[in-house]
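So you can see what is in the structure, the chains are spelled out below.
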Amino acid sequence: MTRITGVRLRRILDSRGNATVEADVLTESGGFGRAAAPSGASTGEYEALELPPSEAIAAARKHAIPRLVDEAFAGDQRSVDGALRAADGTDDFSEIGANSAVAISMAAAKAGADVLGAPLYQHLGGAFRGENFPIPLGNVIGGGEHAKEATHIQEFLAAPVGAPSVSDAVFANAQVHGRVSELLDERDLPAGKGDEGAWAPPVSDAEAFDLMEEAVADVADDLGFEIKFGLDMAAAELYDDEEDGYVYGDDVKSTAEQIDYVADMVEEYDLAYVEDPLDEDDYEGFAELTDRVGDQTLICGDDLFVTNVARLQDGIDAGAANSILIKPNQIGTLTDAFDAIELANRNGYDAVVSHRSGETTDATIAHLAVATDAPFIKTGTVGGERTAKLNELIRIAEDAT
Ligand SMILES: O=C(O)[C@@H](CO)OP(=O)(O)O
Ligand SMILES: [Mg+2]
């Protein structure tokens, strides 16, 4: 029933106005799935490779589609993703592009779910998936590679850890986003937005910490539940080999100073989450920081692990981080993403499912996060390509309870 009978690929627009790959997968019994690849700006050096969409589509048509049509079953995700790997033949999907691969992989999962008549989260997670729902981490102030003339730290994320429901959490993040806008207005600061819809004001990182502290406290007071905040430091973008340190404008921090700085911020602001606090090659620094504050907060590896089981295993062996960011397009298939989540969970690492800065309205990650019982999902706060995931989470919570 789920034998694949057709795969169509096309170029569509993403939220930055760039082209990306969309895939349709059709099955023998009329099943249909459609998915689109997201795209990063602060991409990790060890990520699977995104090709220019036209090239990725041409290569996938030549190499992958013949191995899928009449050969693979949408209901058997490993057969689909195995065919994609075999068609590509490289470790980093440099032949057909991780963008073609991930779009086909996710579209096949949706087609498989469609044949069963099950929602995607149920198809992926099964009857024993657990009852928890992910808490959305909402990017409300940001800079780095996502906005010019703004903070050095890439993302300041609201984390509504005390929200009684998914819907309360989603609306709390939107309210924090709105509260930050009011605070900027009171301070006569311009409020442009970065790639993910976060405010990108021309303020120092220290001011952004203060704005976040005030905004989450105000909204928590109003709503009556705990809201913390966290960071994506995207420190690989701050790290400069020649300076041998982390560059914050005129200030350069050595690795030891960076670790002290992050540990101090965790203490001072009771941060719920810190992603990529150190360079993507610095397992040792990650381990030292995890040792210091890992019992108080999540130290998450994004560019460090790139959703890759081998890199995660190195991190586990080194005691680096206690959490992994999961981005299916970093590794190319849902199977690879699931394997990374499983390895993480077996070793006490929390898996946090994430969007990219360049997105479409594809909501697959909302289903992936629920299916795998992820404690957090990073999806932004406002903007159509962000709310597509958040609203899907609200629908899934309604459907599943
Ligand atoms: O660094 C990140 O975690 C992401 C998403 O917020 O950004 P990008 O997609 O640009 O890598
Ligand atoms: Mg990141």
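Everything numeric in this text was worked out from a predicted model, so none of it was measured.

Criteria and thresholds
- Residues numbered from 1 in each chain as written.
- Chains lettered and ligands numbered in written order.
- Predicted model: local features only at pLDDT ≥ 70, side-chain atom pairs only at ≥ 80, totals over all residues.
- Heavy atoms only, no water.
- Patch = residues over 30% accessible without salt bridge, like charges linked within 9 Å, V, L, I, M, F, W, Y side chains within 5 Å.
- Areas by Shrake-Rupley, 256 points an atom, 1.4 Å probe, with all protein chains shown as cover.
- Salt bridge = Lys/Arg side-chain N within 4 Å of Asp/Glu carboxyl O.
- Lys, Arg positive; Asp, Glu negative; His and termini not counted.
- Charge placed at Lys NZ, Arg CZ, Asp CG, Glu CD.
- Helix = DSSP H or I, 4+ residues; strand = E, 2+ residues; numbered from the N terminus.
- Buried < 20%, exposed > 50% of the residue type's maximum accessible area, 1.4 Å probe, protein only.
- Pairing = 2+ DSSP bridges.
- Contact = heavy atoms within 4.5 Å.
- Axes fitted to C-alpha atoms, helices over the stretch in contact; angles between N-to-C directions.
- UniProt positions renumbered as here; feature names shortened; annotations may be inferred.
- 1 Å grid on protein atoms, 1.4 Å probe; cavity = no way out; pocket = protein on both sides within 12 Å on 5 of 7 lines; lining within 4 Å.
- Polar contact = N/O pair within 3.5 Å; in protein donor to acceptor, adjacent residues only side chain to side chain.
- pLDDT = per-residue confidence, 0-100.
- Donors = N, O, S within 2.8 Å, 3.2 Å for Na, K, Ca; no water.
- Phe/Tyr/Trp six-rings, centres within 6.5 Å; stacked < 30°, edge-to-face > 60°.
- Lys NZ or Arg CZ within 6 Å of the ring centre and 35° of its normal.

Observations concerning a negative patch on the surface
Consideration 1: Taken together, the side chains of Glu207, Asp210, Glu213, Asp264, Glu267, Glu268 and Asp295 define an acidic patch exposed on the protein surface.
Consideration 2: Of all elements in the fold, only α7 (205-223) and α9 (255-269) reach the threshold of two or more residues within the negative patch.
Consideration 3: Along the chain, Asp295 falls in the loop between α10 (283-293) and β11 (298-301).
Consideration 4: On the accessibility criterion, Asp295 (68% relative accessible area) is exposed.

Digging into the sheet that holds strand β9 (residues 251-253)
Consideration 1: Spatially, the three strands line up as an open sheet ordered β7-β8-β9, and their pairing is antiparallel. Where the open sheet ends on each side, the last strands, each with one partner, are β7 (239-240) and β9.
Consideration 2: Across three bridges, the pairing between strand β8 (residues 245-248) and β9 is antiparallel. Looking across to β9, one finds that Tyr248 is bridged to Asp251.
Consideration 3: In this fold α9 packs onto β8 and β9, with an angle of close to 95° to the strand it touches most, β9.

Notes on the UniProt feature "binding site: substrate" (unreviewed entry) in the chain
Consideration 1: UniProt feature "binding site: substrate" (unreviewed entry): in the numbering of this structure it lies at His146, Glu155, Glu275, Asp302, Ser354, His355, Arg356, Ser357 and Lys378. Considering only the residues just annotated, the largest cavity is lined by Ser354, His355 and Arg356.
Consideration 2: Mapping Asp302 onto the fold places it in the loop between β11 and α11 (309-318).
Consideration 3: The exposure class assigned to Asp302 is buried, which follows from its relative accessible area of 2%.
Consideration 4: What Asp302 contacts, discounting residues up to four positions off in sequence, is Asp232, Glu275, Asp276, Leu325, Lys327 and Gln330.
Consideration 5: Engagement of the side chain of Asp302 in a polar contact is seen with the side chain of Lys327, the distance being 2.8 Å.
Consideration 6: Judged by its relative accessible area of 3%, Ser354 falls in the buried class.
Consideration 7: With near-sequence residues (within four places) excluded, Ser354 lies in contact with Leu325, Ile326, Lys327, Ile365 and Lys378.

Some words on the confidence of the model for the chain
Consideration 1: Mean pLDDT for the chain: 97, with 100% of residues reaching 70 or above.
Consideration 2: Both confidence scores are given for the complex: pTM 0.98, ipTM 0.99.

A word on unusual backbone geometry
Consideration 1: Positive phi, close to 50°, is recorded for Asp244, a residue that is not glycine.
Consideration 2: Looking at the element boundaries, Asp244 is found in the loop between β7 and β8.
Consideration 3: Given the relative accessible area of 52%, Asp244 is considered exposed.
Consideration 4: At Val306, a position not held by glycine, the phi torsion is positive, near 45°.

Let's talk about the coordination of the magnesium ion (ligand 2)
Consideration 1: Only Asp232 (OD), Glu275 (OE) and Asp302 (OD) from the protein coordinate the magnesium ion (ligand 2), and they sit 2.0 to 2.2 Å from it.
Consideration 2: In the primary structure, the donors to the magnesium ion (ligand 2) are separated according to the pattern D-x42-E-x26-D. Separated by 43 residues along the polypeptide, Asp232 in strand β6 (residues 228-232) and Glu275 in strand β10 (residues 273-275) bring together distant segments of the chain. There is no split in this pair, since Asp232 and Glu275 are both buried.

Comments concerning the packing of aromatic side chains
Consideration 1: Evaluated as defined, the whole model comprises eight aromatic pairs.
Consideration 2: Seen from the ring of Trp199, Lys193 lies directly overhead, with NZ or CZ sitting 5.2 Å from the centre.
Consideration 3: In this structure, Arg311 packs its charged tip against the face of Tyr46, placed 3.8 Å from the ring centre.

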